[in-house]
Amino acid sequence: MCGITGWVAYEQDPTAHRSTVEAMTATMVCRGPDAGGVFHDRHVALGHRRLAVIDPAGGTQPMTAGEDGRITAALSYSGEIYGFARLREQLRSAGHRFRTLSDTEVVLRAYLEWGDAFVHRLNGMFALALWDVRRQELLLVRDRLGVKPLYYYPTVDGVLFGSEPKAILAHPQARARLGSDGLRELMTWANTPGHAIFDGMFQVRPGHVVRVSRGKLTETPYWRLEARPHEDDFDTTVDRVRELLRAAVAGQTVADVPLCSLLSGGLDSSSVAAFAAQALRARGEPPLHCFSVAFAGPGSGPGDDAAHAAKLADHVGAAHESITLDATLLSDPAARAAVLRARDLPQGLADMDTSLYLLFKAIRQRSTVALSGEGADELFGGYPWFHDENATRARTFPWMHTGDAGAPRGPSFLDPALPERLKFEEYRADRYSEALADVPVLPGEGEDERRMRTVGHLFLTRFLPMLLDRKDRMSMAVGLEVRVPFLDQDLVEYVFNVPWSMKAFDGREKSLLRAAVAADLPQSVLTRRKEPYPAIADPDYDQMLKSRLAELMADTAAPVRALMDERSAAEAHAAVRRAAPGELRFLRMGFESLIRIDDWMRDYRVELVE
């Protein structure tokens, strides 16, 4: 995994601004700690930071290819193409000669062989920038589910791009400006595909290609989820899911560096660990190493995943290690600053982001690649909202359904007039309508099945990207590559079209997945109820936050005050001061978000614009 960035300027020569492109590339060092490079040509500069996973000696980037001694294309690429060895053999048969063993060269040669259609041959997680010297044209491509991020910022004569906003913001033409729509995105968590919060900046949408040529920028889809009839009976479906998942995991255990698995002891991560252990054992490789997180201090212990993970690791013949965190580590200003810098935005899950960052930081000392169970809940129906008819029938995103819109709300630190002034509800409703319009329709499908197909599509296209972004940023901040086998293209396309009556055949969450892995996991895992990623319960952490909040409230120059109402904020602060330890946990997310927004506005020098 790597970090990519670059600049296309048709009325300028980026070669004359080498220091600018080098500064953009330097922001990606965490994503690629092993090597870096820049490719310059007329009207373009491509930057790259490398995390060496496949062919460490030969996969240097940006990578070029040419004919008759002349460069025809250059590539800056982040990601992994699974099954690239088979694709390389196809290209060799077509006459291509390879000088490396990397998947990067396979991607580059695939473009030279198949042109724009090359992206249909790529199976994996990736974000790439490809400059065609002959056409003087840039392609920005993102994988089908959006596992790997890619942002762009159109300019008057071209475009800036990068794996993360910070790479773009390192260019003097880009500014950290926050307008009304950016505020709406932040406050409503609408997670609109393509939106990047900062004014003038966009994300390449999953499964899309952005094409940049002189005077023109277009974005077109190359893949989307399709509705297809499901013709397999139940037993065949169970067997097919098991084989698709097993193959996906096995394919993603290929690496030229140490590989491990993230393990909570729950159904999703246990399924991945079991199949990964089988794959490594079949190839005669050392046992799989698994990692989980635990918390020290008051309130910690029984809810931790470590004990469950250790039992599962023993069952599948894997080594297990638990990483223990405490309030001191989670309160460390350096760790909190690193999380914000990794995120680039104040959106997040507070201490759960910091603990994930610290977990990944510890894992990175032992391993370079980790397997994760992300995506199973969205694909198989693991969240409670899937099983709450009020949520699935609500005229909003299921995860935003509160059940009682008229319930009294406590005082808010932010200006209570903001929702009405910026029309939050109208904005959320518009985004929901857009999301519904994207859902594929299967002719003749019954109302209940159509409704659950819609719910599944909303989770895969609007909810899942938030979690993928979190995992990517926290892992790449320490140079750890995280792979997600549940988002294998073949598995996703198959399970998306399995009827809900099969997915939830016994009324439990993820019924189909449980049936598919029943022979591979112990009963203790199969019967364990879903538990969220753990949050710290140590009162010392709450006290740290209260102290930080008091400092913010006393600072009349705090940037976030532009979004606050003095009276409401004072009432909210009083409520925090009065709260008993047990009550404070329910208030913590709200005021920690306020602290995070203030830190972000300071660190990024955010300009509020109308």
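The rules behind each value
- Residues numbered from 1 in each chain as written.
- Predicted model: local features only at pLDDT ≥ 70, side-chain atom pairs only at ≥ 80, totals over all residues.
- Heavy atoms only, no water.
- Helix = DSSP H or I, 4+ residues; strand = E, 2+ residues; numbered from the N terminus.
- Rg over C-alpha atoms; globule rule 2.2 N^0.38 Å.
- Buried < 20%, exposed > 50% of the residue type's maximum accessible area, 1.4 Å probe, protein only.
- Pairing = 2+ DSSP bridges.
- Salt bridge = Lys/Arg side-chain N within 4 Å of Asp/Glu carboxyl O.
- Core = buried A, V, L, I, M, F, W, Y, C linked by side-chain atoms within 4.5 Å.
- Contact = heavy atoms within 4.5 Å.
- Expected span 1.5 Å × (residues − 1).
- Disulfide = S-S within 2.5 Å.
- Axes fitted to C-alpha atoms, helices over the stretch in contact; angles between N-to-C directions.
- Phe/Tyr/Trp six-rings, centres within 6.5 Å; stacked < 30°, edge-to-face > 60°.
- Lys NZ or Arg CZ within 6 Å of the ring centre and 35° of its normal.

Draft legend 1. Molecular detail of the overall build of the protein chain. Summing up its helical and strand segments, the protein chain has 23 helices and 19 strands in all. Whereas a compact globule of 610 residues would reach a radius of gyration of roughly 25 Å, the protein chain reaches 24 Å, a difference of no more than 12%. Its C-alpha atoms give the protein chain principal-axis dimensions of about 75 × 60 × 50 Å. Each of the 610 residues in the protein chain was classed as buried or not, and the buried ones make up 59%.

Draft legend 2. Examining the sheet that holds strand E3 (residues 44–50) more closely. Strand order in the open sheet formed by 6 strands is E2-E3-E1-E9-E8-E11, with antiparallel pairing between adjacent strands. The sheet is open, and its two borders are formed by strand E2 (35–41) and strand E11 (202–203), each paired with just one other strand. For E2 and E3, the ladder comprises 7 bridges, and the chain directions are antiparallel. Opposite phenylalanine 39, over in E3, you have leucine 46 as the bridge partner.

Draft legend 3. Layout of the pairing of E3. Counted residue by residue, E3 has 7 buried out of 7 residues, so it is predominantly covered. Relative to E3, strand E1 (residues 2–9) runs antiparallel, the two being bridged by 7 bridges. Among the inter-strand pairings, tryptophan 7 is bridged to a residue of E3, identified as alanine 45.

Draft legend 4. Inspection of the pattern of salt bridges at higher detail. The final tally for this structure, using the stated rule, is 53 salt bridges. With its nearest N and O atoms 3.8 Å apart, the salt bridge here joins glutamate 607 to arginine 177. Here the residue glutamate 607 occupies a position in strand E19 (residues 607–608), and arginine 177 occupies one in strand E10 (residues 177–178), the gap between them amounting to 430 residues. What makes glutamate 607 partly exposed here is its relative accessible area of 27%. Across the salt bridge formed by glutamate 321 and arginine 366, the nearest N and O atoms sit 2.4 Å from each other. Placement of glutamate 321 in strand E16 (residues 319–325) and of arginine 366 in the loop between helix H11 (351–364) and strand E17 (369–371) is noted, with a sequence separation of 45 residues between them. Several salt bridges converge on common partners, so that one network encompasses Arg31, Lys148, Glu164, Lys166, Arg343, Asp344, Asp353, Asp469, Arg470, Asp472 and Arg473.

Draft legend 5. Looking closely at the nonpolar core. Ranked by size, the top nonpolar core spans 83 residues in total, and within it Phe118, Phe126, Leu128, Leu130, Val141 and Leu288 carry the most contacts. In terms of residue count, the dominant contributor to this core is helix H7 (residues 267–282) (8 residues). Leucine 128 has contacts with Ile4, Leu75, Ser76, Tyr77, Val107, Phe118, Leu122, Leu139, Leu140, Val141 and Leu150, leaving out every residue within four places of it along the chain. Listed in part, the 72 residues of the second largest apolar core include Tyr151, Tyr153, Val560 and Ile595.

Draft legend 6. Molecular detail of H11. Look at H11: 20 Å from first C-alpha to last across 14 residues, which is about the 20 Å you get at 1.5 Å a residue. With 12 of its 14 residues buried, H11 lies for the most part within the structure. For H11, the set of buried residues is Asp351, Met352, Asp353, Thr354, Ser355, Leu356, Tyr357, Leu358, Leu359, Phe360, Ala362 and Ile363.

Draft legend 7. Inspection of the state of the cysteines at higher detail. In total, this model carries 0 disulfides according to the counting rule given. Cysteine 290 supplies the cysteine sulfur nearest to cysteine 260, a cysteine that is in no disulfide, at a spacing of 7.8 Å. Here cysteine 260 falls in the buried class, since its relative accessible area comes to 0%. Judged by its relative accessible area of 0%, cysteine 290 falls in the buried class.

Draft legend 8. Spotlight on the sheet that holds strand E14 (residues 259–262). Strand order across the open sheet formed by 5 strands is E16-E15-E14-E17-E18, with parallel pairing between neighbours. Of all the strands in the sheet, just E16 and strand E18 (481–483) have a single pairing partner and so form its edges. Here the average twist between neighbouring strands, direction ignored, is 30°. Relative to E17, E14 is paired through 3 bridges, and the arrangement is parallel. Bridge pairing in E17 places leucine 259 opposite valine 369. The strands that helix H8 (residues 306–316) touches are strand E15 (289–295) and E16; relative to E16, the one it contacts most, it runs at about 170°.

Draft legend 9. Geometry of the packing of aromatic side chains. Enumeration over the complete set of coordinates arrives at 18 aromatic pairs. Here the aromatic cluster, defined as three or more aromatic residues joined through ring pairs, consists of Tyr383, Trp385, Phe386, Phe397, Trp399, Tyr432, Phe459, Phe463 and Trp500. One Lys or Arg, arginine 240, reaches over the ring of tyrosine 494 and ends 5.9 Å from the middle of that ring. Over the ring of phenylalanine 496 we find arginine 453; its NZ or CZ atom is 5.2 Å from the centre of that ring.

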